[in-house]
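# An overview of the molecular structure
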Amino acid sequence: MGEAPLIESPDGSLAYTVVVKPQPTANLLTYDALAQVAVATFSQGEGFQSGGLQLVAQGEIEIPWTGTLTTGKKAKNVGGVIVAKQQENNIFVMLISATDEKGKKNLPGAIKALATTFKPLAAETK
């Protein structure tokens, strides 16, 4: 994923990445504007198609998505969810993907586990 780390399950059926998008001000974006930032972050992916945003918590949205993953000469369908939230001058965007039936079956659990811990690290205190 360019400069963003990609964390993948050992069998490759689930993966996620987190991208931080700095913003010029700390003014809160509307949910639609937040969704536009989230979708634009990943819109260059193969066959990327996003669904409608869903408000899941105050200030946090989820957007379902589908796409294609080509490895070698084989293409396969992938999909998942984008989770986005704003904190001060930053938009935090996490893409969770499932690459096969096993991944799709485990996607709700992955979303629940990852979304609840999806927050910026606290500044170190000395």
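Residues numbered from 1 in each chain as written. Predicted model: local features only at pLDDT ≥ 70, side-chain atom pairs only at ≥ 80, totals over all residues. Heavy atoms only, no water.

### Considerations on the nonpolar core
One recurring pattern in soluble globular proteins is that nonpolar side chains are buried together. Residues Phe42, Ile63 and Ile82 are the most contacted members of the largest nonpolar core, which totals 18 residues. Residue contributions to this core peak at six residues, all from helix H1 (residues 31-42). One finds Leu14, Ala98, Ala110 and Leu114 within the second-largest nonpolar core, a separate group that totals 12 residues. (Core = buried A, V, L, I, M, F, W, Y, C linked by side-chain atoms within 4.5 Å. Buried < 20%, exposed > 50% of the residue type's maximum accessible area, 1.4 Å probe, protein only. Helix = DSSP H or I, 4+ residues; strand = E, 2+ residues; numbered from the N terminus.)

### Considerations on the side chain of Glu60
Examined against the element boundaries, Glu60 turns out to sit in strand S5 (residues 60-71). You can call Glu60 buried: its relative accessible area is 10%. Within the structure, the side chain of Glu60 is placed 3.2 Å from the side chain of Lys85, a separation counted as a polar contact. Residues contacting Glu60, with those up to four places away along its chain left out, are Tyr31, Gln54, Leu55, Val83, Ala84, Lys85 and Ala115. (Polar contact = N/O pair within 3.5 Å; in protein donor to acceptor, adjacent residues only side chain to side chain. Contact = heavy atoms within 4.5 Å.)

### What to know about the environment of Asp11
On the secondary structure map, Asp11 appears in the loop between strand S1 (6-8) and strand S2 (14-22). Side-chain polar atoms of Asp11 contact the side chain of Ser13, separated by 2.8 Å. A distance of 2.6 Å separates the side chain of Asp11 from the side chain of Lys102, its partner in a polar contact.

### Details of the pattern of salt bridges
Summed over the entire model, instances satisfying the criterion amount to two salt bridges. Between Lys102 and Asp11 there is a salt bridge; the shortest N-O distance is 2.6 Å. Of this pair, Lys102 sits in helix H2 (residues 101-116) while Asp11 sits in the loop between S1 and S2, and the two are 91 residues apart along the sequence. Under the relative-accessibility criterion, Asp11 is labelled partly exposed at 43%. Among the salt bridges present, the one from Glu60 reaches Lys85, with a minimum N-O distance of 3.2 Å. Separated by 25 residues along the polypeptide, Glu60 in strand S5 and Lys85 in strand S6 (residues 74-87) bring together distant segments of the chain. In this pair, the class of Glu60 matches that of Lys85, namely buried. (Salt bridge = Lys/Arg side-chain N within 4 Å of Asp/Glu carboxyl O.)

### Comments concerning H1
Its 12 residues give H1 an end-to-end C-alpha distance of 17 Å, which sits within 8% of 16 Å, the value for a rise of 1.5 Å per residue. The complete set of buried residues in H1 reads Leu34, Ala35, Val37, Ala38, Val39 and Phe42. Looking at the buried positions of H1, the neighbouring elements they touch are S2, strand S3 (49-50), S5, S6 and strand S7 (90-98). (Expected span 1.5 Å × (residues − 1).)

### Observations regarding H2
Between the first and last C-alpha of H2 there are 24 Å, a value that for 16 residues agrees with the 22 Å anticipated at 1.5 Å per step. Its maximal kink placed at Leu107, H2 deviates by approximately 45°, while the proline Pro108 follows within four residues. Burial in H2 covers these residues: Gly103, Leu107, Ala110, Ile111, Leu114 and Ala115. Contacts from the buried residues of H2 go to S2, S5, S6 and S7. Capping of H2 at its N-terminal end is provided by Asp100; its side-chain oxygen lies 3.1 Å from the backbone amide nitrogen of Lys102. (Bend = angle between axes of the 7 residues up to and from the residue.)

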